[in-house]
Amino acid sequence: MIRAARNVVRLFRIARRLAEYDALFLLEKFGIAPTITAAARLIVKAPLDGAVSRLRPGQRLALAIQGLGPSFIKFGQLLSTRSDLLGEEIASDLSELQDKLPPFSGASARGIVARELGKPVEAIFSRFDENPVAAASIAQVHMAVTADGKDVAVKVLRPGIEDAFAQDLDLFYWLAELAEWTGGGVMRRLKPVEVVRTMAETVALEMDLRFEAAAASELSENFTDDPTFRVPRIDWSRTSKRVLTLERVSGIPIDEREALIAAGHDPRTIIAKAATALFHQAFRDGFFHADLHPGNLFVDQDGHIVAVDFGIMGRLDLRTRNYLAEMLIGFLSADYRAAAEAHFKAGYVPADKSVAAFTQACRSIAEPILGRPLNEISLARLLGQLFQVAETFEMETQPQLLLLQKTMLVAEGVGRTLDPTVNMWELARPLIEAWMVEMRGPQARLRHFAADVVTVMERLPPALAGAERMLAMLSEGSLRLHPDSIRALTEAGRRDNRSWLWALWIAVALIGLIAVGLL
């Protein structure tokens, strides 16, 4: 009761803020607290500024969210991945939401650094700039020089940020639960509670800067042999939960086309490097930078791409990557049946739905997009519209793909800024096709089959131990079975024994082939 009362009061304040920017549609769309929404609309007769009314709905919503605090900025950025919920235009406008807040004092930052690292700042850094170069909802960044003379960037968490997020997350969970309760099956399929849970997990990782350091380190290792994409080195001795120290990087922001050309860089080459790097992250490694806005990407003097800010990362398991590759190749080759079947094989569309009907839906989405001039084709837009037809076919929301879709959308925007005549995905298409051959060819299928056999063999000892325990219980009389059950178990046991023998012989054969280098 206390929780509900507290959240009702907070929701009214939020509704009033949304009403001031004529953005109450966010609550109205999902039927959340209609009485509160109506009251806010009555109290606020018109937006604060007449110019606001001339903005698109998504732009008005972004402005309203900007003033609600750090948690809401993060929530707005998460909503920007949900074109299936809000539509493409609103989601696109929310993707422009700036994660910027007034900085906290340099003295507070120095105090946090000293407490976290256990030494006075002067003993750690020969110089620590008081004014931050960037201030966002979670942390801000100060430039510094280490005691041994290395130029570094020091990221420091905001004071009290954990408590502020915990309070707001409770409100978000309450609203998501309310939406699922009042919205019926449609809202449950869209998983608003899971959306909030994803945000909570993401924020928890962002508020421990050791996790961000680990993400940067992993991403760097994945590109050890590829100098065209670089990650700043982590200074682990000056990193803790609330402080992250890493190599200071220099370069030109990736969206500053004229500056790049003046420095002798070819925009098309940069697009190719960016497309290759994103492909390798998503398909080869299944671990990708999910916040690739221009402020986080630079081009160094050698023309290599340097990424910063690793608080938001995405992961794709091999099954998801296989689905994604099959689906994209199906669309790019206009084989809509193959694109549709990829969804059924992945289990994203229920098996009782019509493959033919879903093929038709895929065609209806793809033809208007893929029929455009090559440089105007947007795979991110294609994915966004695909998620929007999900309701008809009861396709469950896939949060990891929504995060990738947002990343692709931002990457496409950067690519068009650099050279509007180039399609970055066409540059990456040979990589996707080669990866498909490698991962889905005959040798790959044999390797996957061998892995499945090994998995079965690993389950054999526990299964035999369980059977032994059951037999012991039967012999002691502590477990009694009907005669029909005993006969059925006996027959099943014979079949299972034959299956285990076949699995064993197949495993031996495969191991032999691997040993002689045929797999």
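Residues numbered from 1 in each chain as written. Predicted model: local features only at pLDDT ≥ 70, side-chain atom pairs only at ≥ 80, totals over all residues. Heavy atoms only, no water.

## Here's the deal with the nonpolar core
Within the largest apolar cluster, 133 residues are counted, with the highest numbers of intra-cluster contacts made by Ile32, Leu61, Tyr323, Leu324, Met327 and Phe331. Per-element accounting of this core gives the leading share, 10 residues, to helix H10 (residues 161-190). Those residues within four positions of phenylalanine 331 in sequence are excluded, and the remaining contacts are Tyr336, Ala339, Cys362, Ala366, Leu370, Leu382 and Leu386. Core analysis: the next-biggest nonpolar cluster, separate from the first, contains 14 residues, Leu117, Val121, Phe125 and Val243 among them. (Core = buried A, V, L, I, M, F, W, Y, C linked by side-chain atoms within 4.5 Å. Buried < 20%, exposed > 50% of the residue type's maximum accessible area, 1.4 Å probe, protein only. Helix = DSSP H or I, 4+ residues; strand = E, 2+ residues; numbered from the N terminus. Contact = heavy atoms within 4.5 Å.)

## A few points about the pairing of strand S3 (residues 139-146)
The element S3 is extensively covered by neighbouring structure, given that 7 of its 8 residues are classed as buried. By the bridge criterion, 3 bridges tie strand S1 (residues 125-128) to S3 in an arrangement that is antiparallel. Along S3, the bridge assignment pairs phenylalanine 128 with alanine 144. Across 2 bridges, strand S2 (residues 134-135) lies against S3 in antiparallel orientation. Bridging from a neighbouring strand, alanine 135 pairs with glutamine 140 of S3. Taking the residues between adjacent antiparallel strands as the criterion, S2 and S3 are bridged by 3 residues. Here S3 pairs with strand S4 (residues 151-157) via 7 bridges, running antiparallel. From the neighbouring strand, methionine 143 faces S4, where its bridge partner is alanine 153. Between S3 and the antiparallel strand that follows it, S4, lie 4 residues; glycine 149 among them carries a positive phi value of about 90°. (Pairing = 2+ DSSP bridges.)

## As for the sheet that holds strand S9 (residues 297-299)
Spatially, S5-S10-S9-S7 is the arrangement adopted by the 4 strands of the open sheet, whose pairing is mixed. Both edges of this open sheet fall to strand S5 (229-230) and strand S7 (252-253), since each of them pairs with a single strand only. Looking at chain direction, S5 and strand S10 (residues 305-307) are connected through 2 bridges and run parallel. Paired with arginine 230 across the strands is valine 306, a residue of S10. Its contacts with the sheet put helix H14 (residues 267-285) on S5, S9 and S10, and the angle it makes with S10 is roughly 45°. (Axes fitted to C-alpha atoms, helices over the stretch in contact; angles between N-to-C directions.)

## Side note on the packing of helix H16 (residues 336-346) against helix H17 (residues 355-370)
For any two helices packed against each other, one specifies the crossing angle of their axes together with the interaxial distance. Taken N-terminus to C-terminus, the directions of H16 and H17 make an angle of 120°; their axes are 8 Å apart at the nearest point. Classified by the angle between their axes, H16 and H17 sit oblique to one another. Relative to H17, H16 is oriented so that their crossing is right-handed. Residues Tyr336, Arg337, Ala340, Glu341, His343 and Phe344 of H16 form the contact with H17, whose own contacting residues are Val355, Ala356, Phe358, Thr359, Cys362, Arg363, Ala366, Glu367 and Leu370. Of the residues contributing to the contact of H16 with H17, the split by class is 9 nonpolar, 2 polar and 4 charged. (Parallel < 35°, antiparallel > 145°, perpendicular 65-115°, else oblique. Left-handed = near helix turned anticlockwise from the far one by under 90°. Nonpolar A, V, L, I, M, F, W, Y, C, P; charged D, E, K, R; others polar.)

## What about helix H12 (residues 209-222)?
Spanning 14 residues, H12 covers 20 Å between terminal C-alpha atoms, matching the ideal 20 Å at 1.5 Å per step. Considered for burial, the residues of H12 that qualify are Leu209, Glu212, Ala213, Ala215, Ala216 and Leu219. Along H12, the residues classed as buried sweep out an arc of 160° about the axis, all on the same side. (Expected span 1.5 Å × (residues − 1). Arc of directions from axis to C-beta.)

## Things to note about the packing of H14 against helix H15 (residues 318-332)
Between H14 and H15, the shortest axis-to-axis distance is 9 Å and the interhelical angle comes to 125°. Relative to H15, the element H14 is oriented oblique. Contacts between H14 and H15 involve Ala282, Phe283, Arg284 and Asp285 on the former and, on the latter, Arg321, Leu324, Ala325 and Leu328. Broken down by class, the residue content of the contact of H14 with H15 amounts to 5 nonpolar, no polar and 3 charged.

## Section: the packing of aromatic side chains
Taken as a whole and judged by the stated rule, the model has 9 aromatic pairs. Considering the side-chain rings of phenylalanine 72 and phenylalanine 172, the 5.0 Å spacing of their centres and the 80° angle between planes classify their relative orientation as edge-to-face. Here phenylalanine 172 lies in helix H10 and phenylalanine 72 lies in helix H5 (residues 70-79), a separation of 100 residues in the sequence. For phenylalanine 172, a relative accessible area of 4% puts it in the buried group. Seen in terms of ring centroids, phenylalanine 223 and phenylalanine 229 are 4.7 Å apart; in terms of plane orientation they differ by 45°. Their pairing is tilted. An identical accessibility class is assigned to phenylalanine 223 and phenylalanine 229; each is buried. In this structure an aromatic cluster arises from ring pairing among Phe72, Phe75 and Phe172. We note arginine 284 situated over the ring of phenylalanine 223; from NZ or CZ to the ring centre the distance is 5.1 Å. (Phe/Tyr/Trp six-rings, centres within 6.5 Å; stacked < 30°, edge-to-face > 60°. Lys NZ or Arg CZ within 6 Å of the ring centre and 35° of its normal.)

## What about H16?
All of the buried residues along H16 are Tyr336, Ala339, Ala340, Ala342, His343, Phe344 and Ala346. On the buried face of H16, the contacting elements are H15, H17 and helix H18 (379-388). Just downstream of H16, glycine 347 is the residue with a positive phi angle, here 80°.

## A short note on the pattern of salt bridges
Evaluated as defined, the whole model comprises 22 salt bridges. When the shortest N-O distance is used, the salt bridge between arginine 60 and aspartate 22 registers 3.7 Å. With arginine 60 in helix H4 (residues 57-66) and aspartate 22 in the loop between helix H1 (2-20) and helix H2 (25-29), this pair connects stretches of sequence that are 38 residues apart. On the accessibility criterion, aspartate 22 (32% relative accessible area) is partly exposed. Salt-bridge contacts for glutamate 130 lead to arginine 110; the nearest nitrogen and oxygen are separated by 3.3 Å. Of this pair, glutamate 130 sits in the loop between S1 and S2 while arginine 110 sits in helix H8 (residues 106-117), and the two are 20 residues apart along the sequence. Arginine 110 gets classed as buried once you look at its relative accessible area, which sits at 19%. Linked by salt bridges that have partners in common, Arg110, Glu122 and Glu130 make up one network. (Salt bridge = Lys/Arg side-chain N within 4 Å of Asp/Glu carboxyl O.)

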